[in-house]
Amino acid sequence: MARSRRMSDDEIRRMLLDLARRLFGPGPDPVTVFAVRGEVELVQQQQPATPPGQVPEGMSAYDAAIVRALGDRAMTSERLARAAGHRHNSYFRTRLAALVESGHVRHTRRGYGLPDR
């Protein structure tokens, strides 16, 4: 019967970093692992934000059309979908929410617009 042994702190760190790389995949962004009292949190640092209205490299054509359609004035999601050439459906709303969360689009009471930077 195999005996269990306690892993060293270095072995645990290497294992957590390996798991983080597998979870996030290979990429240029650094990964930080925080382990405190048995709780582990993996953080992938985001690439620097691009200037408002510019489309970051690697963004999908669907999302890029949304960012490019944003004008100087805030728009409703329905109007933004039409301006981007997309249907206003659940997929569009999901992608728009992801763009807001990533900081590429700003949401206010008046609608969606370019972020203030």
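Everything below is about the structure printed above this text.
Since the structure is predicted, the reported quantities are computational estimates derived from the model, not experimental observations. (Residues numbered from 1 in each chain as written. Predicted model: local features only at pLDDT ≥ 70, side-chain atom pairs only at ≥ 80, totals over all residues. Heavy atoms only, no water.)

Draft legend 1. Representation of helix α4 (residues 90-102) within the structure. Under the 1.5 Å per step criterion, the end-to-end length of α4 is 18 Å for 13 residues, consistent within 8% with the ideal 18 Å. Against the buried residues of α4 lie α2 (61-69), α3 (77-84) and β4 (111-113). For α4, the side-chain oxygen to backbone nitrogen distance between the N-cap and Tyr91 is 3.2 Å, and the N-cap itself is Asn89. Looking one or two residues beyond α4, the residue adopting positive phi is Gly103, at roughly 90°. (Helix = DSSP H or I, 4+ residues; strand = E, 2+ residues; numbered from the N terminus. Expected span 1.5 Å × (residues − 1). Contact = heavy atoms within 4.5 Å. Polar contact = N/O pair within 3.5 Å; in protein donor to acceptor, adjacent residues only side chain to side chain.)

Draft legend 2. Structural context of α3. Residues of α3 that are buried: Ser77, Leu80, Ala81 and Ala84. Projection of α3 onto a plane perpendicular to its axis shows the buried side chains occupying an angular sector of 100°, all on one side. A positive phi of about 80° marks Gly85, the residue just after α3. (Buried < 20%, exposed > 50% of the residue type's maximum accessible area, 1.4 Å probe, protein only. Arc of directions from axis to C-beta.)

Draft legend 3. Expanded view of the side chain of Ser77. Residue placement: Ser77 occurs in helix α3. A polar contact is formed between the side chain of Ser77 and the side chain of His88, at a distance of 2.8 Å. If we ignore the near neighbours within four places in the chain, the residues touching Ser77 are His88, Phe92, Leu96 and Tyr112.

Draft legend 4. Expanded view of the environment of Met75. Relative to the helices and strands, Met75 is located in the loop between α2 and α3. A relative accessible area of 8% means that Met75 is categorised as buried. Put simply, Met75 and Thr108 are 33 residues apart on the chain and 9.7 Å apart in space, counted from C-alpha to C-alpha. If we ignore the near neighbours within four places in the chain, the residues touching Met75 are Ala69, Leu70, Leu80, Ala83, Arg110, Gly111 and Tyr112.

Draft legend 5. Just a nonpolar patch on the surface, in detail. Together, Met7, Ile12, Met15 and Leu19 line one region of the surface with nonpolar side chains, adding up to about 310 Å² of accessible area. Along the chain, Met7 turns up in the segment before α1 (9-24). (Patch = residues over 30% accessible without salt bridge, like charges linked within 9 Å, V, L, I, M, F, W, Y side chains within 5 Å. Areas by Shrake-Rupley, 256 points an atom, 1.4 Å probe, with all protein chains shown as cover. Salt bridge = Lys/Arg side-chain N within 4 Å of Asp/Glu carboxyl O.)

Draft legend 6. Region of the structure containing the side chain of His86. When you line up the elements, His86 lands in the loop between α3 and α4. A polar contact is formed between the side chain of His86 and the backbone oxygen of Tyr62, at a distance of 3.1 Å. Each residue touching His86, except ones within four places of it in the same chain, is listed here: Tyr62, Ala65, Ile66, Ala81 and Phe92.

Draft legend 7. Structural view of a positive patch on the surface. A contiguous patch of positive charge on the surface is contributed by Arg73, Arg79, Arg82, Arg109 and Arg110. Topologically, Arg82 is positioned in helix α3. (Lys, Arg positive; Asp, Glu negative; His and termini not counted. Charge placed at Lys NZ, Arg CZ, Asp CG, Glu CD.)

Draft legend 8. Local environment of the packing of α2 against α4. Running from amino to carboxyl end, α2 crosses α4 at an angle of 70°, the nearest separation of the two axes being 10 Å. As far as their axial angle goes, α4 and α2 are roughly perpendicular. The segment α2 lies against α4, with Tyr62, Asp63, Ile66 and Val67 engaging Tyr91, Phe92, Arg95, Leu96 and Leu99. Split by residue class, the contact of α2 with α4 holds 7 nonpolar, no polar and 2 charged. (Axes fitted to C-alpha atoms, helices over the stretch in contact; angles between N-to-C directions. Parallel < 35°, antiparallel > 145°, perpendicular 65-115°, else oblique. Nonpolar A, V, L, I, M, F, W, Y, C, P; charged D, E, K, R; others polar.)

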